Amino acid sequence: MDGAFGCGPEGLTLGGRAVAAEAAVHGTPLYLYDTAEVRRRARLLKQALAATGLEHRVHFAMKSNRFGPVLDALRAERDVGIDACSPREVALALRHGFAPAEISVTASMLADRDLDAFAAARVHLNLDSRSALRRWAARVPRGTPVGLRVDPGVAVGYGDDPRVAYGRSKFGLLPETVEQVAAEAQALGLVVDTLHVHGGWGLPASALPAMQRTFAMLAALAERLPPVETLNVGGGLGARRRASDEPLGLPAWSDALRTAFGRWGGRIACEPGTLLVDWAGVLLVQVNTVENKDGVTWLGVDAGHNVNVYAAHYGIPVEIVHVARPLAAADTICSVAGNINESNDVFARGIALPRVAEGDLLAFLPAGAYGSSMSSDHCLRGFAAEVAW
Ligand SMILES: Cc1ncc(COP(=O)(O)O)c(C=O)c1O
């Protein structure tokens, strides 16, 4: 098992605590987070950035997890900021003690009311349309710094799935237009101090050459745009959903940054979500139904895709573990379904688990990123509780 997970006499543990004991107190469905693991991961990332020899900044992508204790743990690092994508995320970051200068906003398709809120909060924006630049310039003092989000131009992401690739998508300015748009931004009174690129979610090791090309493109643009001080390379690291996944590792990523940006010599920034929180969290559910139909053993659980969207929304698997017997022989083939009235509400099909009885607890992991933060009250099924230590 990865991250902070282990196995003790009471079954699955997270950060050394038996997760079943937490479910006995708080019920299910239940998200649990180990904030020491979040901080450990933030430090590993900072070490990888320090290895580039370049000045660096980390902005945690709040969209991945906005649970208060997780934000507080990252705030306690002192040198980790927030990347927000909506006015309410900015307001939450401020409430958790992040200063406006520590908050960046990377967002698309912004309404005037969004821009008004960002202007009032005095936060730095990475924008990706002429429309937003024009409307932002009308709201902020001349000389306000701004970032330009660049389309990475390459389609990379978990399992080559277009749903998690960002090249040639709705996001970002085409690289060939960036210099012209920067000139237009300058004419509007803005100072382009940042270029931003987010390659994709769940970058595999095999995405390295494509990311090297993207970084080289960004460095070349930065050299032609002297006011640019920061190159922000987004997120995309650390997604391991199956034992066979090989995510792009920190050493290879850090080497690629040093190679691409060393000569340019400015500051690098990044916006990790998954890397910092995914393997620090787990979702616990209870099995309420064990039913055989047409030769398939269906396990019904007390959560649906409203509580964790990965399988239904992205087709991305979660690992499912029997909480009491995580290491027992997986000798039963079954499918695991949720309690939402839609046929796509299936967490896994044809997986092997130890024999499961009604009332048993299952753990979905990793579940620290884009789990609770993407939940909804669909079918009035409500939200999972969250607990952190
Ligand atoms: C602009 C931007 N930055 C950062 C992230 C965080 O990505 P990850 O969770 O892969 O680190 C995302 C995720 O979609 C994003 O869109």
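Teacher, can you tell me more about the overall build of the protein here?
Within the protein one finds 11 helices and 19 strands. The C-alpha atoms of the protein give a radius of gyration of 22 Å, which matches the 21 Å a tight globule of 389 residues would have. Judged by the C-alpha coordinates and their principal axes, the protein covers about 65 × 40 × 40 Å. Relative to its full complement of 389 residues, the protein shows a buried share of 48%. Counting contacts in the protein only where the partners sit at least 6 residues apart, residues at least 24 apart contribute 70% of the total.

Could you clarify how one ought to interpret the sheet that holds strand β1 (residues 5–8) in this entry?
Either a parallel or an antiparallel arrangement is found when strands of a sheet pair, and the pairing is made through backbone hydrogen bonds. The antiparallel open sheet is built from three strands, whose spatial order is β1-β2-β3. Strands with a single pairing partner mark the edges of an open sheet, and in this sheet they are β1 and β3 (17–18).

I would appreciate a short explanation of the nonpolar core in the present structure.
The tendency in soluble globular proteins is for nonpolar side chains to be buried as a group. Of all hydrophobic cores here, the largest spans 119 residues; its most connected members are Val282, Leu284, Leu362, Ala363 and Phe364. Counting residues per element, this core draws most heavily on helix α8 (residues 208–224), at six residues. Inspection of this core shows a minimum of three residues originating in each of domain 1 (5–33 + 278–388) and domain 2 (36–272). When sequence neighbours within four positions are dropped, the list of residues in contact with Leu362 reads Val285, Val287, Val301, Ile320, Val321, His322 and Val323.

Help me understand the domain arrangement of the protein, please; the structure alone is not making it clear to me.
As a measure of interface size, the accessible area lost when the parts come together is often cited. In terms of domain boundaries, the protein breaks down into domain 1 (5–33 + 278–388) and domain 2 (36–272). One C-alpha centre belongs to domain 1, the other to domain 2, and the line joining them spans 32 Å. Across the contact, 17 residues belong to domain 1 and 19 residues belong to domain 2. For the side of domain 1 that touches domain 2, the residue count by class is 10 nonpolar, five polar and two charged.

So what exactly am I meant to see when it comes to the pairing of strand β13 (residues 281–293) here?
Regular strands have side chains that alternate between both faces of the sheet. Two strands pair when backbone bridges link them, and strand β4 (residues 30–33) and β13 are joined in this way by four bridges, in the antiparallel orientation. The residue of β13 that forms the bridge with Tyr33 is Gly281. Pairing geometry for β13 and strand β18 (residues 361–365), over four bridges, is antiparallel. Residue pairing in the sheet places Leu284 in a bridge with Ala363 of β18. Where β13 meets strand β14 (residues 296–301), six bridges bridge the pair, whose relative direction is antiparallel. Pairing of Lys293 across the sheet is with Val296, part of β14. The loop that links β13 with its antiparallel partner β14 comprises two residues; one of these, Asp294, has a positive phi angle of about 55 degrees.

What is the right way to read the site of the ligand from this model?
Taken together, 16 residues sit near the ligand, with Ala61, Gly235, Glu271, Gly273 and Thr274 positioned nearest. Considered class by class, the residues forming the shell around the ligand number six nonpolar, eight polar and two charged.

What is the right way to read the sheet that holds strand β7 (residues 103–106) from this model?
Taken in spatial order, the eight strands of this closed barrel run β5-β6-β7-β8-β9-β10-β11-β12, and their pairing is parallel. Shown here is a sheet whose adjacent strand axes are inclined to one another by a mean of 30 degrees, direction ignored. Relative to strand β11 (residues 230–232), strand β10 (residues 191–196) runs parallel, the two being bridged by three bridges. Each bridged residue has a counterpart across the sheet, and for Leu195 the counterpart in β11 is Leu231. The sheet contacts of helix α2 (residues 35–50) involve β5 (56–61), β6 (80–84) and β12 (267–270), and relative to β5 the element is tilted by about 145 degrees.

Explain unusual backbone geometry to me, please; I cannot follow it from the model alone.
Phi is mostly negative for residues that are not glycine, and the peptide bonds are mostly trans. Between Thr28 and Pro29 the backbone carries a cis peptide bond, its omega angle lying at -5 degrees. Geometrically, the link from Leu365 to Pro366 is a cis peptide bond, its omega value of -5 degrees lying close to zero. By secondary structure assignment, the location of Pro366 is in the loop between β18 and β19 (385–388). Positive phi, close to 70 degrees, is recorded for Arg78, a residue that is not glycine. Along the polypeptide, Arg78 turns up in the loop between α3 (68–75) and β6. Of note, Met109 is a non-glycine position whose phi angle comes to about 50 degrees, a positive value. Summarising the element assignment, Met109 is placed in the loop between β7 and α5 (112–121). C-beta crowding within 10 Å serves as the criterion here: with 11 such atoms nearby, Met109 is assigned to the exposed category.

Criteria and cut-off values
Residues numbered from 1 in each chain as written. Predicted model: local features only at pLDDT ≥ 70, side-chain atom pairs only at ≥ 80, totals over all residues. Helix = DSSP H or I, 4+ residues; strand = E, 2+ residues; numbered from the N terminus. Rg over C-alpha atoms; globule rule 2.2 N^0.38 Å. Buried ≥ 20, exposed ≤ 12 C-beta atoms within 10 Å, placed from the backbone. Contact = placed C-beta atoms within 7 Å. Pairing = 2+ DSSP bridges. Core = buried A, V, L, I, M, F, W, Y, C linked by C-beta atoms within 7 Å. Domains from an automatic or database assignment. Nonpolar A, V, L, I, M, F, W, Y, C, P; charged D, E, K, R; others polar. Near = placed C-beta within 6 Å. Axes fitted to C-alpha atoms, helices over the stretch in contact; angles between N-to-C directions.

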